[in-house]
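# Observations on the model geometry
The lines below spell out each chain.
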Amino acid sequence: LNADHVTSIASLLSTPSSSLLTTISTSDSSIPTADASDLESFNTDWMNKYKGQSPLIVKPKSTKEVADVVKYCYEHGIAVVPQGGNTGLVGGGVPPKSTKEVADVVKYCYELGIAVVPQGGNTGLMLDNHVGEKGYMMPLDLGAKGSCHIGGNVATNAGGLRFLRYGSLHGNVLGLEVVLPDGRILDGLSTLRKDNTGFDLKQLFIGSEGSIGLITGVSIVTPRRPAAFNVSVFGLNSFEAVQKLFPKVKASLGEILSAFEFFDAHAMSLVKGHATAGVKDPFEAAHPFYVLIETGGSNKDHDDEKLSALLEELIEDEWVDDGVLAENTTQISQLWALRESIPEAAGKAGRVYKYDLSMPVEKMNELVEEMRSRFESKGILGADKMFSSVVGYGHIGDGNLHINIVAKEYSDEAEREIEPFIYEWTSNVNGSISAEHGLGRMKAEKIGYSKSDESVRIMQDLKKLFDPKGIFNPHKYLPGA
Ligand code: FAD
Ligand code: MLT
Ligand code: ZN
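Where helix α14 (residues 361-377) contacts helix α16 (residues 421-428), the two axes come as close as 12 Å, and the packing angle between them is 155 degrees. Considering the angle they form, α14 stands roughly antiparallel to α16. As for how α14 packs across α16, the hand of that crossing is right-handed. Contacts between α14 and α16 involve Lys-363, Glu-366, Leu-367, Glu-370, Met-371 and Arg-374 on the former and, on the latter, Phe-421, Ile-422, Trp-425 and Thr-426.

Printed below as a string of structure tokens:
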């Protein structure tokens, strides 16, 4: 490779089919740069919070091309930022629009339910549709499935809406192909479910957020797609009721429960006021909290019977104040939209400070209320104030709270009203400052709230081992990176 070759890689910007996207930032003015307007979207994150300054986007079409580009960058000391769908929420990367057809990219999906995906350009939704034709599903489901890439999902170790049932990508990913920062290809696309030979290197790349390698292929377990889904949403009058409901529902529905999500009345108002058309509140009266449950099983009659018996008991014995049950797939989507459109609705309401925390379930709402009363006592919460709303929602089944604080503008002053208070609070209850979104640019320097100094030092040593020149995703993920 030489500088001319890099020019031709940059010119691929205009081609519609993308496989992987690599942003290269360089201070070397001898390397030609793409047109500024083309770069805008790649340099802006989903929340419009972080701006990048990469002068060059590269769209390699094969693992070999990725390796060639990365090797060139390694030799010339050029920084590399891997990018997928740019739906990350912590400032890790920026977006392409993928048009690649999925049909030719899943190599195997056989009786063990394993898909091997050369990941370029494949969104979660495309893959789910593809394996769905064979009776399987992706184990990961999230609101961004129409845009995020499987490589980005693995790089962020995304959790999502069905984590409760299908578990972490640390368990579902069987193998990875990764281009290392010096251009070497780590060929580990295993389809073995069991393999106890040596260190399990792929685990290091799951959740590494593009800091030590670029994932070019993923082998993943795809569970059987349930024959029948049911979705129900309840209105509840307290967070304690939400808390008590989870073990009750789990005990009653057992193996068919696939999601247990909550959102508060403030989230519901945002959705009603700002989400896309078609989102409707199915309740006559407002409730302080809402819970969405989903079941997925292999026998519809059996699931319906179990669920009806539970719903009757929940209403009769006042576990919940009100409840609705979807009667068809359209209603299932409408009920899911109430929960899934919260991030989008918050984004339409203003600039969003987004926190994604793990903590004991009983602490979740305490933090949300404390944040609200803190702002209220300072007179900075309300229409036309610094912050217009504080909303709580998340994955109760995984102990994962999302707090979205909607501000008029992003500013240092606004950030100081939230941080470090929110991180200290979380650390004091032995929680994690990132349950699933990762660290990115936003939290690279904050990892100490959740990990010991010794753990961070070992992570920094690992980063040096894989990326001695520090060219992969600089200034993100770890302190001093
Ligand atoms: P990008 O945003 O492009 O990149 C994210 C990070 O991964 C960056 O650091 C980037 O450098 C790195 N990266 C990307 N591709 C590669 C690669 N091939 N190799 C190495 N590194 C790479 N997350 C959850 O966990 N649960 C949710 O429920 C959830 N819901 C969401 C809903 C919405 C509406 C949105 C916008 C986001 C949501 N997310 C959720 C955030 C989540 O992190 C991303 O949606 C997704 O996993 C990122 O994939 P991406 O392809 O967009 O990656
Ligand atoms: C979610 O659960 O909706 C996602 O993690 C995205 C978000 O919180 O913005
Ligand atoms: Zn989430």
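Along the chain, Asp-38 falls in helix α2 (residues 36-39). Linking Asp-38 and Tyr-353, residues 315 residues apart in sequence, is a C-alpha distance of 27 Å.

Below, the discussion takes up the site of ligand 2. Close to ligand 2 lie Leu-89, Arg-339, Pro-343, Lys-354, Tyr-393, His-395, His-402, Glu-436 and His-437, which account for all nearby residues. His-437 places a polar side-chain atom, nitrogen or oxygen, 2.6 Å from an oxygen atom of ligand 2.

Below, the discussion takes up helix α13 (residues 342-349). If you check which residues of α13 are buried, you get Ile-342, Ala-345 and Ala-346. Buried residues of α13, viewed axially, fall in a sector of 100 degrees; they line one side.

Our next topic: the nonpolar core. By size, the foremost hydrophobic cluster in this structure holds 51 residues, and its most contacted members are Phe-387 and Ile-405. The greatest single-element share of this core, amounting to seven residues, is contributed by helix α9 (residues 239-253). Among residues more than four places away in sequence, those in contact with Phe-387 are Tyr-353, Phe-375, Ile-380, Leu-381, Gly-382, Ile-405, Val-406, Ala-407, Ala-414, Glu-417 and Ile-418. Of all hydrophobic cores here, the second largest spans 26 residues; its members include Leu-161, Val-271, Ile-342 and Val-391.

To continue, consider the coordination of the zinc ion (ligand 3). Each donor-metal-donor angle would ideally measure 109.5 degrees in four-coordinate tetrahedral geometry, or 90 or 180 degrees in six-coordinate octahedral geometry. Within the first shell, the zinc ion (ligand 3) binds the protein through His-395 (NE2), His-402 (NE2) and Glu-436 (OE), at distances of 1.9 to 2.1 Å. On the primary sequence, the residues serving as donors to the zinc ion (ligand 3) are separated as H-x6-H-x33-E. Placement of His-402 in strand β14 (residues 400-407) and of Glu-436 in the loop between α16 and α17 (453-466) is noted, with a sequence separation of 34 residues between them. Judged on exposure class, the residue His-402 and its partner Glu-436 are both buried.

With that out of the way, let us pick up unusual backbone geometry. Most peptide bonds adopt trans geometry, and most residues besides glycine take a negative phi value. Each neighbour pair has its own omega, and for Glu-419 with Pro-420 the value is 5 degrees, a cis peptide bond. Note on placement: Pro-420 falls in the loop between α15 (412-418) and α16. In the Ramachandran plot, Asn-430 falls in the positive-phi region, its phi being about 60 degrees despite a non-glycine side chain. By secondary structure assignment, the location of Asn-430 is in the loop between α16 and α17. Relative accessible area serves as the criterion here: at 72%, Asn-430 is assigned to the exposed category. Non-glycine residue Asn-473 carries a positive phi angle of around 45 degrees. As for its position among the elements, Asn-473 is in the segment after α17. The exposure class assigned to Asn-473 is buried, which follows from its relative accessible area of 3%.

The rules behind these values
- Residues numbered from 1 in each chain as written.
- Chains lettered and ligands numbered in written order.
- Predicted model: local features only at pLDDT ≥ 70, side-chain atom pairs only at ≥ 80, totals over all residues.
- Heavy atoms only, no water.
- Axes fitted to C-alpha atoms, helices over the stretch in contact; angles between N-to-C directions.
- Helix = DSSP H or I, 4+ residues; strand = E, 2+ residues; numbered from the N terminus.
- Parallel < 35°, antiparallel > 145°, perpendicular 65-115°, else oblique.
- Left-handed = near helix turned anticlockwise from the far one by under 90°.
- Contact = heavy atoms within 4.5 Å.
- Near = heavy atom within 4 Å.
- Polar contact = N/O pair within 3.5 Å; in protein donor to acceptor, adjacent residues only side chain to side chain.
- Buried < 20%, exposed > 50% of the residue type's maximum accessible area, 1.4 Å probe, protein only.
- Arc of directions from axis to C-beta.
- Core = buried A, V, L, I, M, F, W, Y, C linked by side-chain atoms within 4.5 Å.
- Donors = N, O, S within 2.8 Å, 3.2 Å for Na, K, Ca; no water.

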